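Remarks on the overall topology
Listed below are the residues making up each chain.
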Amino acid sequence: MEAGELELLIPAGEIERGVRELGSRLTKIYRGKQVVVIPLLKGGFMFASDLIRCMDLDLQIEFLGAASYGEQTRSSGEVRLTLDTTMPLKDRDVLLVEDIVDTGLTLAYIQKLIRSREPASLRTVVLLDKTARRKVDVEVDEAVFDIPDRFVFGYGLDSPGGFHRNLSDIVTIRE
Ligand code: 5GP
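To start, this report covers the structure provided alongside it. Since this is a predicted model, take the numbers as computed values, not measurements.

The rules behind each value
- Residues numbered from 1 in each chain as written.
- Predicted model: local features only at pLDDT ≥ 70, side-chain atom pairs only at ≥ 80, totals over all residues.
- Heavy atoms only, no water.
- Near = heavy atom within 4 Å.
- Polar contact = N/O pair within 3.5 Å; in protein donor to acceptor, adjacent residues only side chain to side chain.
- Areas by Shrake-Rupley, 256 points an atom, 1.4 Å probe, with all protein chains shown as cover.
- Helix = DSSP H or I, 4+ residues; strand = E, 2+ residues; numbered from the N terminus.
- Salt bridge = Lys/Arg side-chain N within 4 Å of Asp/Glu carboxyl O.
- Buried < 20%, exposed > 50% of the residue type's maximum accessible area, 1.4 Å probe, protein only.

**Details of the site of the ligand**
- Neighbouring the ligand are 16 residues; Thr103, Gly104, Thr106, Val152 and Asp158 lie closest to it.
- Between the ligand and Gly104, the relevant distance is 2.8 Å, taken from an oxygen atom to a main-chain nitrogen or oxygen of the residue.
- Between the ligand and Asp158, the relevant distance is 2.8 Å, taken from a nitrogen atom to a main-chain nitrogen or oxygen of the residue.
- Surface burial for the ligand is 87%, taken as the share of its 510 Å² of free accessible area covered by protein chains.
- Looking at the shell around the ligand, the elements that each hand over two or more residues are β6 (93-101) and α3 (105-115).
- Tallying contributions element by element places β6 first for the shell around the ligand, with four residues.

This is the structure in structure tokens:
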């Protein structure tokens, strides 16, 4: 993909500001509690690693991995667990950190899995929300940015073929 084919959607500075503000809100919400933060892999790793550095709290990290079968830019809704947590979540305050919610099917599957482990609380934060494409009613407590129905990548999200996760900005393909 040539640089000229990319369109800048959310520059790194704007992401940084949004993530910092979310981190301060979460610090207030969870004050006095010990939180288990669960980045959803692969896409959520960069967002989560920046977010936890803006959270002034006692926290632990666990990982969940999910992938959905489908075409390169559209998920089928059939979700596969690729990595599971290692510590018990029962009676813990769990913060799920996801890169993007599109149809909502991935989040719905993952939230159901976490709830089956009886945490004391479950909160979900996402970096990007494509509200227009939602198929299931899924609980999202905070979305840093609402975005239009475009396929995006960068800042942890991959382009078709699995590349471009290392970009600092969120970009899309020029139409
Ligand atoms: P959902 O299950 O909500 O339809 O899709 C969620 C998953 O699909 C996300 O975790 C992400 O992996 C992928 N996804 C949805 N939209 C995009 C997008 O615009 N760009 C990228 N890179 N992945 C997306």
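**Some words on the pattern of salt bridges**
- In the structure shown here, the tally under the stated rule is 12 salt bridges.
- Residues Arg117 and Asp84 are paired through a salt bridge, measuring 2.9 Å at the closest nitrogen-oxygen approach. In this pair, Arg117 is assigned in the loop between α3 and β7 (121-129) and Asp84 in the loop between β5 (75-83) and β6, connecting sequence segments 33 residues apart.
- The exposure class assigned to Arg117 is partly exposed, which follows from its relative accessible area of 26%.
- With relative accessibility at 33%, the residue Asp84 sits in the partly exposed group.
- With a closest N to O distance of 2.7 Å, Asp102 and Arg133 form a salt bridge. Of this pair, Asp102 sits in the loop between β6 and α3 while Arg133 is found in the loop between β7 and β8 (142-146), placing the two residues 31 residues apart along the sequence. A single burial state applies to Asp102 and to Arg133, both of which are buried.

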